[in-house]
Amino acid sequence: MKIQVYLKIIFLLILFGCVKETPPVVVPNIIPKPLSQEIKEGVFILDKNTFLEYSKEHEKVAIFLTDYFKENLNIVLSSDNKEGKIKFITDNTILNDEGYLLKIAKNQILISAKTTKGIFYAVQSLIQLLPLKSNLKQISIQNLEIKDEPQFSYRGMHLDVARHFFPVAFIKKFINLMSILKMNNFHWHLTDDQGWRIEIKKYPKLQEIAAYRKETLIGHYSDKPHQFNGKKYGGYYTQKDIKEIVKYASDRQITIIPEIEMPGHSQASIAAYPELGCTLISSSRDKIEVATKWGIFEDIYCPKESTFKFLEDVIDEVVALFPGKYIHIGGDEAPKINWEKCENCQILIKKEGLKDEHELQSYFITRMEKYINSKGKQIIGWDEILEGGLAPNATVMSWRGTNGAVIAAKQKHDVILTPQSHCYLNHYQSDNKNEPLTNGGYLPLQKVYSFNPIPPELTKKESKYVLGAQGNIWTEYITNPKKIEYMAFPRAIALSEVIWSDSKNKNYSDFINRLEHFNKRLDVMNVNYANHIYDIKGKLIDENGKLFFELKSTSNKFDIFYSKDGSNPTTLYEEPILVDSTMYIKAQVYKSGIIKIGNPFEQKINLHKAVGSKISLNVTPHKAYNTGGTKALINGISGNDKRYGDTEWLGFSGDDIEITIEFDEPTEINSISTRFHNGNGQWIYAPKEIKFSFQLEDEKTVNYIEQINNRDSLLVNFNYKIKATKVIKMKMMIKNYGEIPIGKQGAGNKSWTFIDEIIIE
Ligand code: ACM
Ligand code: ZN
C-alpha cells in the first residue's frame, strides 16, 4: 500500500471526525511478520459496548483476550451482543492448524481459524495492533485483513534451569513472552551435573541432595585458578509448581518438553544416589558431589538394571506431569571413560554383542525410548544420539552445527535445528567491551535473523523432516532473570520470524523498524532486553591502497558524531574517515544532536608496518571464524580482549598455520607481536612455539624459533624482538597445539588455534 493512500485515510478520518481518543496504528508492526496483510479504510472502535462472541472450544482464548483488555486497556467488554463485536469462528477451510484470518472491519473483528491455536495467534496479532496501555474510553483499530500461518510446526525456546535456578514467576514471564512471538514449545532443561530441579516423590534425595550444590565457580571457567563463592546454591520445582506452569503454558498454546539428561550430565543425581554410577575400583566414588563448576563430567549413569528402574520411575512421574508428546532425554556429552573401566558395562557390551561404548550409549537410549514409547510418548535427544545408531523413533536436536540434522533427516527421522552457530542465545551478541560475561561465542542479532532452518544438503522431500528450530539458553553464566532477558531478547524475537514467517517476507531493516516498535512493548512489560540497534560498527575499507574507516549503526535514524584523537565525539559523520596515521576513533549516536543513544564506540587503528602489505595463508581459517578474512591479521585493528568470535580474530581447527607477509619495499623490523586465545574450555589452545623465516634485502633467508612459555591465561601475548633487520618477506609457522589432553574438556579432539592482529614495528 502506498503512502498516499495512508495519508488519504488519515485525512478522511480527520475530516469526518472518526478518530476517537487514540489514533490507530496505521502501519502494522507485527512480529513475527504475517504472511500477508492489507490495510483497509476505516477503523473499528473498541470500547465497553464491544461484545466477544465465541463457541465453547475457544473459551480459553476468549478469557485470555477479555483479561488482556481489562488489565492493559481498562476496557471491560459488554455482555450484551449489540454494536461492535469481535467474533471467533472455526473455519475448516483454513488448512494449517495454526493459521488464521484476522479481518478488522468498521463494525466487527472477525477471527477465523481451524483450531484454537490459530484463534490464539490471531489474538496475539490483534494485541500488537493495540496501544500498549490506555485508560481511554475508546480505542480505534485500523481496518485491515491479515492472512497468516507458520512456516514450521516446531518453534521453540530452551531454558537451562540446572546451572542456575529461576523462580516460577519468571518461568511464566518467559513463557508469556514466547507466546507473544507465536512460539509453541518450551524445552525445559531440568537436570544436569550442577542440579536436579524437578521434584520426584519416589526419590527424596533428589530434593535433599541433588537439588543443591555446596558452592559455585566465580568468573569464567577459563580463568585459572578456579575460585568458588562458598555459598550453598539450589532449589527445585515442586510437582505443584510444575502443574501450575504447565497450565499457564497450555493457556498460551505452549507445550512444555521436560528434559531429563541421560546417560551424561547426571552427576547431581549420582551424588544423591551413588549406586546409579559405575562401580569402579577407585574409592573416589564416595566423594561424588553435585558439580560446582561448568563442563563435562565423567560420572555418568551406569546401564545397570537398578539404574533403568530409577530412570523408569522418574519417567513415570514426569509423564504424569507433562501432557505433551515429547520427553527430551539429553544424550549429549557423555564421556565413556567410566564405561570403559566398569566391569558391569563391559559385561553388558559382550552380552548384547555391542561393538563399543558408543553402541552401549545407543543401547541405553533405545531401551529408554522403548519405555517412553510404551507410555505413549516420543523421545528427543541431542545429536550425539546418532553415534552408535539412532533409536528407532527418536527426534534429533542438532546442536553441533547442522550435520546431525542432515544425517538424521536422511534416515527419515524428525529433526529440530538448534545449531550453536545461529541458535545459542547464551553467546555474546555484540562487540561491546562491556557485555556481561558469557561462556563465549559471538551471535549477533543479524546472524540469528539470517538463519535458514533447512540445511542446503537436504532434498525437498528430506526437508519435510525438519520440524523447526529453537533458541537455547544455557545458564552457566546467567545467574538471574534480568540477564536471561538480556540474552534472550531481541535474539529470540529475530528467531521467531525465522521460524514463523515466510522467508520471502524477511527483510532485516524492516525487522529492525518493527523491533524498535516492539521494544516499547517490552518496556511496558519490564523486560530487560539488549538494545544494540543504535550501536556503531566500524569497518576498514581499502580503496586502491588508501584506507578509510566507515561508521554505521543498525538503525540509521539518527546522526553519528566522531573524533579521531580519543576526545569527545563532536564532528558529524558524513563519509568514511581517511586513515592516514595511527588514530583513536571515538563515536556516538545522538538523537536531535544532543541526546546520547546506544553505546559509545571506540576503536584504535594502529598503522603499524604490516598494514597494507600482502598476506597469504597455507590454510583457510574455519568458516565460522573467518568473518574478517585473512586481511584482518594486518589491518591495524586488534580483536576483542575477552572473545575470539569477532571480525578480527581468526580461528583454525587443528591446522598448522603458515602465514606469509610480503612488504612493498624492504622494511626494517624490530618487533613482532600478536595474541593467541587460550580458552581451553572451548577447546582453544595457544601454540607452544613459532618458527620465523625472514627473507632479507639481499635475498638471504634467516630462521628463528621462539618458544611461547607463559601459556596459562585466557589471552596469551606473544612479543618477539629482533635486531633491526630489513626484510622483504616473512613467514610465521605456527604449529597447532595438538590433541586436547586427557582430563580436559574435549579430550582427544583436535585443538583450535585463534590468532589476533600481527603487529609489526
Ligand atoms: C549442548 O549444548 N550440550 C546440547
Ligand atoms: Zn558401568
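Since the model is a prediction, treat every value here as computed from it, not as a measurement.

Draft legend 1. Representation of the sheet that holds strand E25 (residues 577-579) in the model. The antiparallel open sheet is built from three strands, whose spatial order is E21-E22-E25. For this open sheet the edge positions go to strand E21 (536-543) and E25, each flanked by a neighbour on one side alone. Shown here is a sheet whose adjacent strand axes are inclined to one another by a mean of 30°, direction ignored.

Draft legend 2. Main features of the pattern of salt bridges. All told, the structure shown has 35 salt bridges when counted by the stated rule. In this structure, the salt-bridge partner of Lys173 is Glu485, at a minimum N-O distance of 2.8 Å. Of the two residues, Lys173 is situated in helix H4 (residues 168-180) and Glu485 in helix H15 (residues 481-488); the sequence distance between them amounts to 312 residues. On the basis of relative accessibility, which here comes to 2%, the residue Glu485 falls in the buried class. By sharing partners, the salt bridges in this structure join Lys33, Glu497, Asp510 and Arg514 into a single network.

Draft legend 3. A look at the packing of helix H2 (residues 59-73) against helix H3 (residues 116-128). Where H2 contacts H3, the axes come no closer than 10 Å and their chain directions differ by 15°. With respect to H3, the axis of H2 lies roughly parallel. Considering how the two elements wind past one another, H2 and H3 form a crossing that is right-handed. Along its contact with H2, which presents Val61, Phe64, Leu65 and Tyr68, the element H3 presents Thr116, Ile119, Phe120, Val123, Gln124, Leu126 and Ile127.

Draft legend 4. Just the coordination of the zinc ion (ligand 2), in detail. Within the protein, Cys278 (SG), Cys302 (SG), Cys342 (SG) and Cys345 (SG) serve as the donor atoms for the zinc ion (ligand 2), at 2.3 to 2.4 Å. Around the zinc ion (ligand 2) sit four donor atoms, and with donor-metal-donor angles ranging over 105 to 112° the site reads as tetrahedral. Mapped onto the polypeptide sequence, the residues donating to the zinc ion (ligand 2) form the spacing pattern C-x23-C-x39-C-x2-C. Residue Cys302 is found in the loop between helix H7 (267-272) and helix H8 (305-321), and its partner Cys342 is found in the loop between helix H9 (337-341) and helix H10 (343-351); the two are separated by 40 residues along the sequence. By relative accessible area, Cys302 is classed as buried at 0%.

Draft legend 5. Structural context of the environment of Leu217. Residue position: Leu217 is located in strand E12 (residues 217-218). Using a relative accessible area of 7% as the deciding quantity, one classes Leu217 as buried. For the pair Leu217 and Phe228, spaced 11 residues apart in sequence, the C-alpha separation works out to 4.4 Å. Once residues lying within four places of it in the same chain are set aside, the contact partners of Leu217 are His226, Gln227, Phe228, Thr292, Lys293 and Trp294.

Draft legend 6. Seen up close, the sheet that holds strand E24 (residues 571-572). The strand order across the open sheet built from four strands is E24-E23-E26-E27, with neighbouring strands paired in antiparallel fashion. For this open sheet the edge positions go to E24 and strand E27 (595-605), each flanked by a neighbour on one side alone. The pairing of strand E23 (residues 559-563) with E24 spans two bridges and is classified as antiparallel. By the bridge assignment for E24, Phe561 is matched with Leu572.

Cut-off values and rules
Residues numbered from 1 in each chain as written. Chains lettered and ligands numbered in written order. Predicted model: local features only at pLDDT ≥ 70, side-chain atom pairs only at ≥ 80, totals over all residues. Heavy atoms only, no water. Pairing = 2+ DSSP bridges. Helix = DSSP H or I, 4+ residues; strand = E, 2+ residues; numbered from the N terminus. Axes fitted to C-alpha atoms, helices over the stretch in contact; angles between N-to-C directions. Salt bridge = Lys/Arg side-chain N within 4 Å of Asp/Glu carboxyl O. Buried < 20%, exposed > 50% of the residue type's maximum accessible area, 1.4 Å probe, protein only. Parallel < 35°, antiparallel > 145°, perpendicular 65-115°, else oblique. Left-handed = near helix turned anticlockwise from the far one by under 90°. Contact = heavy atoms within 4.5 Å. Donors = N, O, S within 2.8 Å, 3.2 Å for Na, K, Ca; no water. Tetrahedral: all angles 85-135°; square planar, octahedral: opposite > 155°, others 65-115°.

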